[in-house]
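# Per-entry structural report
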Amino acid sequence: MNDIFNPSPEHQQLREMLRAFAEREVEPQALEHDRTETFNLPLFRKLGELGMLGVTLGEEVGGAGLDATAAVIAHEELAAADPAFTLSYLAHAMLFANNLYVNGTEAQRMRYLPSACSGERIGGMCMSEPGAGTDVMGLRTEARREGDHYVLNGAKMWITNGAISKSELGDVFLVYARVKGAERSQVSMFLVEKGYKGFSLGQKLEDKCGMRASSTAELVFEDCVVPVENLVGQEGHATICMMRNLELERLTLAAMSLGIARRSIEIMNRYARERVSFGKTLDHFGQIQRHIAESYAEYMAGRAYVYNTASHMNLKEPGHRLDSDGVKLYCATMAKNVADRAMQVLGGYGYMGEYHVERLWRDAKLLEIGGGTLEAHHKNMTRDLASVEKIL
Ligand SMILES: Cc1cc2nc3c(=O)[nH]c(=O)nc-3n(C[C@H](O)[C@H](O)[C@H](O)COP(=O)(O)OP(=O)(O)OC[C@H]3O[C@@H](n4cnc5c(N)ncnc54)[C@H](O)[C@@H]3O)c2cc1C
C-alpha cells in the first residue's frame, strides 16, 4: 500500500532512526535546556554524525541527498521530543545550509557546506529586523560596494542560532540587505562570518515564552566588511531566493507542529486511561473523549496536508507558496490547541514542567509567529487564491 508518510523504505528507516535518537538522546535533555535557556551544541553535532545537518544537500558537500519529505520526517520526529532544539536544527539545515546549497556558487558551497554538514560550523539566516518583520521588504540593512568588498550597516532581529552561547556569535549567516540606491524589491544576500570586522552581537534576547533551548539574538553590522565573493546570487536578485527558502521553512515549521501535536496526544491519551476521578478513569467522560478524539482527527488532517505538500515540493524551484502558507497556518494553531487540550486533560499536573505538555504548549505558540505570522499567511493565501477559479 502506498504510504504517503513513508513513501520509500529509505524514508521509513530515516523515521525509525530519528525516533530512536529522539527518545534516547533528545528527550532526556529537553526540560533542563528549556529551564536554563541553553543550546545543546554537543547534541546538535551528533545530528551531523547521523548525516542530518545536510539532509537535503548533495553528497558532494557531505549531505544526505534526500527530499522535502525526508526533511519533514526529521522535523516531525525531533520536535516530538524537543521543539526548541528542532528550531535550531531548522535554522541551520533549512534556512542556512539548504538556502546556500540551492542559491550559492560551487565555490561558496564547497567553502561552507562540508563544515555545516558535520556541525563544525553553525549557521543561521538573517531576514527580520527590529523595524521589519512581516513587511520584510521594508528591511533597512544597507550594503555599499567599495572595490573588492561590501560594507554592511544595520541590525537583524530574532536570529535563531545568532548566538551559540549567551555571549558568543554563531559561526556563519546568510544576511539579506539592500545595496545602496536599489529599489524596494531589489534585495541581495551575503555570507557573513563570525570574526568579520564590524559584526557583533546586539542586545541579549532572553526569557522567551517558549523555544528557550534555541538561541535567539540581535546581530549588528557596523561598517562590516564583507568580501565581494560572499555575495550569493546576483546583486538585487535575492528576493526569489528568499521566497523559495520561505516555502521550505514554512513546510518544516508545519512538520514541527505535527511533532508537538502527536506527542501531546500520546501524553493525554495515556493519562486519561490511568487517572481516576469519581471512580472511573478519565477516558470514560465525554468531555475528555472530545479532547482526545478531536485532537487526533485534527492532527491526522494536518499530517496528510503536510506530507502531500512535501511530496510535490521541488527544493530547487519555488511554486508551492499557497500550500506552504496553508500547512503552516493550519498546523501551527492545530498544535497549539492540541497541546492546550493535553494540559487540560492532565489538570494541575499538566501545568508542571515534568509532564512536558506545558513546554510543548509554550513552544507551539512560536509557530504562529516565526517564519510568517498567521496574519501573513491569511494575506498571502488570499492573494494567491484571488487568481484561482477552480481549486482542484
Ligand atoms: C523565537 C524566534 C525565532 C526567530 N527566528 C528568526 C530567524 O532565524 N531569522 C529571521 O529572519 N527571523 C526570525 N524570527 C522573526 C520572525 O520571523 C518575525 O518575528 C515574524 O516574521 C513577525 O515579525 P515581527 O515580529 O516584526 O512582527 P510584525 O511584523 O511587527 O507584526 C506584528 C503584528 O502585526 C501583524 N501584521 C503586520 N502586518 C500586517 C498586515 N499587513 N496585515 C495584518 N496584520 C499584520 C502581524 O501578523 C503581527 O500580529 C524569529 C522570531 C522569533 C520570535
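Residues numbered from 1 in each chain as written. Predicted model: local features only at pLDDT ≥ 70, side-chain atom pairs only at ≥ 80, totals over all residues.

## Thoughts on the overall build of the protein
Within the protein, the secondary structure is distributed over 10 helices and 10 strands. Structurally, the protein occupies a C-alpha span of about 80 × 50 × 40 Å along its principal axes. Of all 392 residues assigned to the protein, the portion counted as buried reaches 50%. A separation threshold of at least 6 residues defines the contact pool for the protein, and within that pool the share at least 24 residues apart is 75%. (Helix = DSSP H or I, 4+ residues; strand = E, 2+ residues; numbered from the N terminus. Buried ≥ 20, exposed ≤ 12 C-beta atoms within 10 Å, placed from the backbone. Contact = placed C-beta atoms within 7 Å.)

## So, the environment of lysine 194
By the secondary structure assignment, lysine 194 is in the loop between strand S5 (188-193) and strand S6 (199-204). Residue classification places lysine 194 among the partly exposed residues on the basis of 16 C-beta atoms within 10 Å. Sequence separation of lysine 194 and glycine 162 is 32 residues, and the distance between their C-alpha atoms is 9.9 Å. Not counting chain neighbours up to four residues away, the residues in contact with lysine 194 comprise Leu169, Gly170, Asp171 and Val172.

## Brief notes about the site of the ligand
Around the ligand, 23 residues are found, and the nearest of them are Met127, Gly133, Thr134, Thr373 and Glu375. Every element with two or more residues in the shell around the ligand is listed here: strand S1 (123-126), strand S3 (149-160) and helix H10 (374-385). When grouped by side-chain class, the residues that make up the shell around the ligand number 10 nonpolar, 10 polar and 3 charged. No fewer than three residues from each of domain 2 (124-232) and domain 3 (239-385) sit in the shell around the ligand. (Near = placed C-beta within 6 Å. Nonpolar A, V, L, I, M, F, W, Y, C, P; charged D, E, K, R; others polar. Domains from an automatic or database assignment.)

## Describing the pairing of strand S7 (residues 216-227)
Of the strand pairs in this sheet, S3 and S7 are connected by 9 bridges, and their pairing is antiparallel. Residue pairing in the sheet places glycine 154 in a bridge with phenylalanine 221 of S7. Across 4 bridges, the pairing between S6 and S7 is antiparallel. Residue pairing in the sheet places serine 200 in a bridge with valine 220 of S7. (Pairing = 2+ DSSP bridges.)

## Observations regarding unusual backbone geometry
The backbone of asparagine 161 shows a phi angle near 70°, a positive value even though the residue is not glycine. Within the secondary structure layout, asparagine 161 lies in the loop between S3 and strand S4 (172-179). Under the C-beta neighbour-count criterion, asparagine 161 is labelled buried, with 28 such atoms within 10 Å. Residue aspartate 223 is not a glycine yet carries a positive backbone phi of 50°. Inspection of the secondary structure puts aspartate 223 in strand S7.

## Quick word on the domain arrangement of the protein
The domain boundaries assigned to the protein delineate domain 1 (9-122), domain 2 (124-232) and domain 3 (239-385). When each unit is reduced to the centre of its C-alpha atoms, the spacing between domain 2 and domain 3 is 30 Å. Contact residues are listed per partner, giving 9 residues for domain 2 and 9 residues for domain 3. Of the residues in the side of domain 2 that touches domain 3, the class split is 6 nonpolar, 3 polar and no charged.

## Thoughts on the packing of helix H3 (residues 68-81) against helix H6 (residues 239-274)
Geometrically, a packed helix pair is captured by the angle between its two axes and the distance between the axes. Interhelical geometry of H3 versus H6 gives an angle of 40° and a closest axis separation of 7 Å. Of the possible angle classes, the one that applies to H3 and H6 is oblique. Remark: the crossing between H3 and H6 carries right-handed chirality. Judged by residue contacts, Ala68, Ala71, Val72, His75, Glu76, Glu77, Leu78, Ala79 and Ala80 of H3 engage Leu248, Leu251, Thr252, Ala255, Met256, Leu258, Gly259, Ile260, Arg262 and Arg263 from H6. Taken together, the residues of the contact of H3 with H6 sort by class into 12 nonpolar, 3 polar and 4 charged. (Axes fitted to C-alpha atoms, helices over the stretch in contact; angles between N-to-C directions. Parallel < 35°, antiparallel > 145°, perpendicular 65-115°, else oblique. Left-handed = near helix turned anticlockwise from the far one by under 90°.)

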